Amino acid sequence: MLFLLRLFPGWLNVVNAQDNRKVRVTGKGNIMYQNATKCTGYIGYYYFDIQGYCSFSRGDKISVVGSIDKRLIDIFFGNLWLSSAKIDVNASASKVSVLDESRSSIFDKFRENLTARYQKIMPAKESALVAGIVLGDKSSISKEFNDEMIKSGTIHIVVASGYNVLLVGGTLLSLFFWLVRRKAATVLAILGMVGYALLTGAGSPVIRAVIMAAMVYLGAVIGRRQLGWWTLLLTGWSMIMVDVSQLKSASFQLSIAASVGLLVVEPWLKSVSDVLRSRLIHIFSNIGILTTFSTLLMTAPIIWWHFGRFSLVGLVSNIFVLPIIPILMILGALVLILPVLSWPTYILAHLAVILIGWFGA
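What counts, and where the lines are drawn
- Residues numbered from 1 in each chain as written.
- Predicted model: local features only at pLDDT ≥ 70, side-chain atom pairs only at ≥ 80, totals over all residues.
- Heavy atoms only, no water.
- Helix = DSSP H or I, 4+ residues; strand = E, 2+ residues; numbered from the N terminus.
- Buried < 20%, exposed > 50% of the residue type's maximum accessible area, 1.4 Å probe, protein only.
- Polar contact = N/O pair within 3.5 Å; in protein donor to acceptor, adjacent residues only side chain to side chain.
- Axes fitted to C-alpha atoms, helices over the stretch in contact; angles between N-to-C directions.
- Parallel < 35°, antiparallel > 145°, perpendicular 65-115°, else oblique.
- Left-handed = near helix turned anticlockwise from the far one by under 90°.
- Contact = heavy atoms within 4.5 Å.
- Nonpolar A, V, L, I, M, F, W, Y, C, P; charged D, E, K, R; others polar.
- 1 Å grid on protein atoms, 1.4 Å probe; cavity = no way out; pocket = protein on both sides within 12 Å on 5 of 7 lines; lining within 4 Å.
- Points joined across faces, edges and corners; volume = space filled by probe spheres on them.
- Core = buried A, V, L, I, M, F, W, Y, C linked by side-chain atoms within 4.5 Å.
- Patch = residues over 30% accessible without salt bridge, like charges linked within 9 Å, V, L, I, M, F, W, Y side chains within 5 Å.
- Areas by Shrake-Rupley, 256 points an atom, 1.4 Å probe, with all protein chains shown as cover.
- Salt bridge = Lys/Arg side-chain N within 4 Å of Asp/Glu carboxyl O.
- Phe/Tyr/Trp six-rings, centres within 6.5 Å; stacked < 30°, edge-to-face > 60°.
- pLDDT = per-residue confidence, 0-100.

Caption draft 1: Structural detail: the side chain of S63. Examined against the element boundaries, S63 turns out to sit in strand 5 (residues 61-68). The exposure class assigned to S63 is buried, which follows from its relative accessible area of 10%. Here the side chain of S63 touches T26 through a polar contact of 2.9 Å, side chain to side chain.

Caption draft 2: Molecular detail of the packing of helix 7 (residues 204-222) against helix 8 (residues 228-242). Following both chains from N to C, one finds helix 7 and helix 8 inclined at 130 degrees, their axes separated by 9 Å at the closest point. When the axes of helix 7 and helix 8 are compared, the pair comes out oblique. You can see that helix 7 and helix 8 cross each other, and the crossing is right-handed. Every residue of helix 8 that contacts helix 7 at S204, I207, R208, I211, M212 and M215 is listed here: G228, T231, L232, L234, T235, S238 and M239. Looking at the contact of helix 7 with helix 8, its residues break down into seven nonpolar, five polar and one charged.

Caption draft 3: How the structure looks around the layout of surface pockets. Of the volumes computed, that of the second largest pocket is approximately 530 Å³. In terms of lining, the second largest pocket is formed by 17 residues, of which the most central are V168, M329, I330, A333 and L334. Mapped onto the lining of the second largest pocket, the elements with two or more residues apiece are helix 2 (106-121), helix 3 (124-135), helix 5 (162-177), helix 6 (182-199) and helix 13 (324-334). Across the lining of the second largest pocket, the residue classes break down as 15 nonpolar, one polar and one charged.

Caption draft 4: Just the side chain of T115, in detail. Turning to its location among the elements, T115 is positioned in helix 2. Leaving out residues up to four positions away in the same chain, T115 has contacts with A131, L135, D137 and S140.

Caption draft 5: Geometry of the nonpolar core. Judged by nonpolar contacts, the single largest core of 46 residues is most densely connected at Y118, L129, V130, F145, V165, M193 and L328. At the level of secondary structure, the elements contributing two or more residues to this core comprise helix 2, helix 3, helix 4 (143-152), helix 5, helix 6, helix 7, helix 13 and helix 14 (342-359). Each residue touching F145, except ones within four places of it in the same chain, is listed here: K125, L129, V353 and I356. Within the second largest apolar cluster, 17 residues are counted, among which are V25, F48, I62 and V64.

Caption draft 6: A look at a nonpolar patch on the surface. A cluster of nonpolar side chains, M215, L227, W229, W230, L233, L234, L262, L263 and V264, forms an exposed patch at the surface whose accessible area comes to about 770 Å². Of all the elements in the fold, those that place two or more residues in the nonpolar patch are helix 8 and helix 9 (250-276). Among the elements that take part in the nonpolar patch, helix 8 stands out by supplying four residues, more than any other. Tracing the backbone through its elements, the reader meets W230 in helix 8.

Caption draft 7: Expanded view of the packing of aromatic side chains. Under the counting rule described, the total for this entry stands at five aromatic pairs. Ring geometry for Y47 against W81: centres 5.5 Å apart, planes inclined by 35 degrees, an arrangement best described as tilted. Linking Y47 in strand 4 (residues 46-51) with W81 in strand 6 (residues 80-87), this pair joins segments that are 34 residues apart in sequence. With relative accessibility at 17%, the residue W81 sits in the buried group. Relative to Y346, the ring of W343 lies with its centre 5.8 Å away and its plane at 85 degrees, an arrangement referred to as edge-to-face. Of the two residues, W343 and Y346 both sit in helix 14, three residues apart, roughly one turn of that helix. Three or more aromatic residues joined by ring pairs form one cluster here, namely Y42, Y47 and W81.

Caption draft 8: Looking closely at the pattern of salt bridges. On inspection of all chains with the given rule, the structure shows one salt bridge. For K125, the salt bridge is made with E148, and the minimal N-O distance between the two is 3.7 Å. With K125 in helix 3 and E148 in helix 4, this residue pair connects regions lying 23 residues apart in the sequence. The partly exposed category is assigned to K125, whose relative accessible area is 27%. Taking the relative accessible area as the measure of exposure, E148 reaches 16% and is therefore buried.

Caption draft 9: How the structure looks around the confidence of the model for the protein chain. For the protein chain, the mean per-residue pLDDT works out to 76, and 79% of the residues sit at or above 70. Mean pLDDT in the protein chain bottoms out at strand 7 (residues 97-101), which sits at 46, and peaks at helix 14, which reaches 89. Scored below 50 in pLDDT, residues 91-104 shows 34 contacts in the model against residues more than four places distant or in partner chains.

Caption draft 10: How the structure looks around the packing of helix 4 against helix 14. Their axes nearest at 8 Å, the elements helix 4 and helix 14 cross at an angle of 70 degrees. Here helix 4 is positioned roughly perpendicular relative to helix 14, judged by the angle of their axes. Classified by chirality, the crossing of helix 14 by helix 4 is left-handed. Within the contact between the two elements, helix 4 uses F145, E148, M149, K151 and S152 and helix 14 uses V353, I356, G357 and F359. Grouping the constituent residues of the contact of helix 4 with helix 14 by class yields five nonpolar, two polar and two charged.

Caption draft 11: View of the environment of L328. Following the sequence through the fold, L328 ends up in helix 13. Accessibility expressed as a relative area gives 0% for L328, which makes it buried. The contact partners of L328, leaving out residues within four places of it in the chain, are L129, V130, I133, T345, L348 and A349.

This is the structure:
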C-alpha cells in the first residue's frame, strides 16, 4: 500500500508532461550507463542518451537540450526521457523552455575547495585518488586513470562507501565517549556521519551506511540486539520509499549487493568452513580474501550488466590495495589541517597508484 502511494507523485509527473516539448534541463548530471559508444545519464527526473563517452562527471552542473518523448516515458518511476539529447554548451543561445533541476548546496562548494587543496599539494593522480577516497569526489579523475581502476577491479575505492562512514562514526563515537555520556556521544556521532554524508554528495552507499550505523548505535543505547540482514532490509526499504527510482540505480544495487555479501554470504561461508573444518577457507578469512570474494560474488552480475565487463583481477588486486585505504583515508583527512603530513600521504597514495596501474595494465 505504501509503495503504491509512493508511486503517485511520479505518475502525476508524467501525466502532466507534454509530448515533443523541447526543453533545456539544467542541474547536476548523473551517469547510469557508460561505454565507448553511448552515455546514459539523468538530471532529476529527466533521462537522456548521448553518443560517445560521458563528457561530464557525477555531480557536474550541465545543461541538456532535448525533446520529451512520450514513447519512452517511465510511468512506474515517473521518469521523463529526452530524445535527440545534446549537452548544451552555450545554454543562453537556446530558445527552449528551461527546467532547473539544480541541487547545489554549501557542502558542494566546500567539497570542491577541499579537492582543490589536494591538487595543490599532490600530483594529479594522487590528489584525485585521495579526493575520491576521502570525499567521494571523482570529478578530477582522468579517463585513463578511471579505466585503470576499472580493469584492476579497484574502482570502488574512490567512492565514498559504508566503510568510510563506519570509520568516521567509530572515530567520533570513541572520541565523544571521553567527553560526554553515551547517549549524547551516540547522537553526536550520528550527526557527524550525516555531515560526512552531505559532504560527500549523499550517494546511495553513504546514505545506506548512515542509516544502518544509526540503527546499530541507537540499538546499543536502548539495549536492543541488531540483525544485519533485517537492518539492511529496513534501510533499503526506507531509501526506496524516499526515492523509488533508486531501484534502477547501479550505485544503489551495488551498495545493497555488497552489503548482502558481507552480512549474509560471508557468515554463511564461515559456517560452512566450521562444519567442513576447512583450513583453506579459514586462512582466506584471516587474510581478507573471503570478504573480497563474498562481495565480488554478489556484485559481479550487477557490474557486468551495467558496465559490460568485470575484472577477475580484482580478487587479487584488492588484497594488496585495500589495506592501504583506511590509512590513506585518515592521512588524507588529517593533511587538510596538518600540511606536514603531505609527504606521507603522497607516498602512500603513490604506492596505491602504482599498484592500480600494474594490475590494470
